[in-house]
Amino acid sequence: MREYAPRQYTFSDAAHLLRRAGFAGGVSEVEALQRLGPSLAVERLLYASTDDNTADNPFDLNALFLERQNGSKANIDANAGLSGWWVHRLAHTSQPLKEKLALFWHGHFATEAQKVENAFAMQQQNELFRQKGLGRFSDLVLEMAKNPAMLRYLDNNRNVKGKPNENFARELMELFTLGVHGGYTERDVQESARAFTGWTFQTGNPNKPEENGRFTNPTFVFNKKNFDDGAKTYLGASGNFGGEDVVRIVTAHPSTPKFIITKLWKFFVSDTIPSSDLAELTALWNSSGGEIAVLLRAIFKSEVFYAKANRFALIKSPAEYAIGMLRSSQSRLAPEQSLGIFNAMRVMGQTLFQPPNVKGWDGGSDWVSDTTLLNRLNLAGAVTQRKLPAQLQKDQAAPPTVLTLPIGSSLSETIELLGKTYLGEQPDGALLRTMQLYADGKNTPEVARGLAYLVLASPQYHLA
Amino acid sequence: MKRRDFLKTSFVTLAASAGMPGFLERTARAAGSERGKILVVLQLSGGNDGLNTLVPYSNGAYYAARPVIAVSKKEVLPLSGDFGFHPALKPWMGLWDSGELAVVQGVGYPNPNRSHFESMAIWHSADPLARETEGWIGKLADRWGDPFCATNFGSTTPLALRSSEVILPSIDSVDRFQLKLEPKLDAAYRELLAQPVEGYSDKGKTELLRKNLVQTLGNTARVQKSLAKYKAGAAYPKSGFASNLRDVARLIAADVGLRVYYVSLGGFDTHAGQPEDHPKLLETLSSAVSAFRSDLTAQGRADDVLMLGFSEFGRRLTENASAGTDHGKAGVMFAIGKGVKGGLHGAAPDLEKLDDGDPRFTTDFRGVYSEALDGWLGVPSREVFGKESFAALGYLLR
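Residues numbered from 1 in each chain as written. Chains lettered and ligands numbered in written order. Predicted model: local features only at pLDDT ≥ 70, side-chain atom pairs only at ≥ 80, totals over all residues. Heavy atoms only, no water.

**Details of the sheet that holds strand 2 (residues 54–56) of chain B**
Residue and element names in this part refer to chain B. If you trace the three strands from one edge of the open sheet to the other, you get 2-4-3, paired in antiparallel fashion. Edge positions in the sheet fall to strand 2 and strand 3 (77–78), since each has one partner strand and no second. Both strand 3 and strand 4 (residues 83–85) contribute to a ladder of two bridges, which runs antiparallel. Residue pairing across strands places L77 opposite F85, the latter belonging to strand 4. (Pairing = 2+ DSSP bridges. Helix = DSSP H or I, 4+ residues; strand = E, 2+ residues; numbered from the N terminus.)

**Brief notes about helix 8 (residues 137–145) of chain A**
Within the span of helix 8 of chain A, buried status applies to F137(A), L140(A), V141(A), M144(A) and A145(A). Along the axis of helix 8 of chain A, the buried positions cluster into a sector of 140°, meaning they face one direction only. (Buried < 20%, exposed > 50% of the residue type's maximum accessible area, 1.4 Å probe, protein only. Arc of directions from axis to C-beta.)

**Let's talk about the side chain of D186(B)**
Residue and element names in this part refer to chain B. Assignment of secondary structure puts D186 in helix 7 (residues 183–193). Residue classification places D186 among the buried positions, given a relative accessible area of 5%. Separated by 2.6 Å, the side chains of D186 and R190 make a polar contact. (Polar contact = N/O pair within 3.5 Å; in protein donor to acceptor, adjacent residues only side chain to side chain.)

**Thoughts on the packing of aromatic side chains**
All names here are of chain A. Taken as a whole and judged by the stated rule, the model has 36 aromatic pairs over all chains. Each ring, one from F268 and one from F300, has its centre 5.4 Å from the other, and the planes form 90°; the classification is edge-to-face. Placement of F268 in helix 13 (residues 255–268) and of F300 in helix 15 (residues 292–301) is noted, with a sequence separation of 32 residues between them. Overall, the relative accessible area of 0% leaves F268 in the buried class. Between F305 and Y306, the ring centres sit 5.0 Å apart and the planes meet at 85°, which makes this aromatic pair edge-to-face. According to the relative accessible area criterion, Y306 is buried, its value standing at 4%. Here the guanidinium or amino end of R19 rests over the ring plane of F312, the centre of that ring lying 4.3 Å away. The lysine or arginine in question, K316, covers the ring of Y461, its NZ or CZ lying 3.3 Å from the ring centre. (Phe/Tyr/Trp six-rings, centres within 6.5 Å; stacked < 30°, edge-to-face > 60°. Lys NZ or Arg CZ within 6 Å of the ring centre and 35° of its normal.)

If you want it as structure tokens, here you go:
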């Protein structure tokens, strides 16, 4: 794909990159990427440091559990702790692409905390998305097949010789690799279910910490006596296959790169991938052994990624909408604020660790409904208006967060700053006219809050 | 200009510019607010096990295939000599006895699909070939020309309530269904939305968002205006599903003009531990529906409401090793209301003539939908389902 090589890499170019490869950012963060230019900016985002600058995360599951053990009434339960932990990371990380990709994989290998009923297992799975999300896709699939949260979620811990449980085997093909029209049969479901028999996990005692004071993370167990060692035919190949073989065969099937690349494109670039780009990215997939970093590097450096038609072309997810406005304002969240943002995202249609089902979030126009839009507007109102409507004050969904807003020395400077901060562009057209009419020549903090609302609630701001 | 006048004018402006082409023009012709018949669709997501809902308690094949999870003859609430309800459906026995509950057996469609998502899409679009991209209620909305004739409960609108012309609303809670801003900012924001988007951003999507925002504000105004009229007529059990039905009762009592309501209850994907989970789900379902039914009587609207329940598929006859059941084919539907001819309808699947281990369907679900359209909502079903026609099962009173 042709690389993007503009004469001048603009602020709005860099803002576009950060909106897509991360969750937007403050003016200084965008300017830092702008200075690097289109190629180094992508390398910076892909740079795999283990430190994401969130060591101060106030949500420590182990501590929360210990507190409960010691009889003190912890005011945050495990699942809320898990949610706060991720919101804190999303809002403060210095590795935004890793978090964005973790959210992508969470939606892809969708797993619901409510069924798993083990916050440690959910956190362990989530960390895998960060650690392995940029690597080879086949490695990630194998990790997921052996992941305790996934094994529990799709009932593979109950999948035993003689009485196979097909849940994981089916979704592995339909949703994780080939796609529903990817060319497999009911027979392939049944045969591969047999290959995963005996794949299960063990947990530590969730109510009792180990001697070192830590709760044990659940671990994968291969229970050989429950494994069906018989011959199987799977996607045209035959053998006494086990789970590893199935993962190897299914990830090498040509439908897999097509399905995954198309999904990445929809998440990061636009609704439809042109066939020439699909072909080039498939070639890259094949030459790199399906390495996700290689694909993302090519996508984010390409000219087509920056094409005019692909700017403001994706409907923001609730995470992009809520986390984006916080990051652009460079807000620091107190623990109760992180929980407030989690709730705000929930009523906008995206509950972290609780996707609607195993298919994850469909995204796109699915984010749009009366209720989700209304809850977006109410969030924008809550974070910009000091006086919350009485109704919202009682409502858990309204986070007790108020954005720090940029105010210029003149009204026009304030309008310019608000546009630059939240849209990466100057407000124009109807938005500019309405802002000017509303301000009526005044440049007070009160007016700035109203102006910020108009930007955050504007049709433009709902798009990335 | 007084605030009220300002709002009035901006609503006119909004309506004029909200134009989904050809749509609002038809809205003008659409039926007014006369008390019409109302359909409440209840979706049981995940694949409800029909065989443990309507239990074939005289059938040896049923007990042979389900040594662990079968509902014993002793526990069944008998409806006939061969079939009975799961005991968790006890709250429904009153409705059954008064002849207001119809159960349709063996419901499915040709070439069954065992994927949740494919099968759900088939039920939503009423197209077994899954080629149709519009929902059956979305098409109704097109025909009525009213973007507020039906609503979903929940945060996102399912395919059933979408068409190429309209995304019908989703309401998660009627109390929260409002935007509150101080008047000056509220007015400015409505003014912003009244103007088409121009400038740098992709016009198509931004315009789509703007139109949706305009429609949202219009819908919230319509709902909030009428809510005060409701006085609770029944005590509802505590569940999200029950509070959704309570909201439906409030909107029906307030006569907001909605003709179809869509409410979902999830969790029916009982691959494991079915004896613990499935009864809880059936209890949640039946107790909420029964409270809703009492409330409708208190509101004086019981005669006007038909409830129609479905799930995307039934489950396999033979239980698995995890005391659960895997995805199957034919399932059961139910219809509840004073307009219903109570009893069992359709033919029960032959449990000794299975389709790859699953009960075979005997009744096409589109026939059940059709009867509700023709016989209840008064919409010729062929306008929604096209050429294919289905004989009425007779679960509605003539």
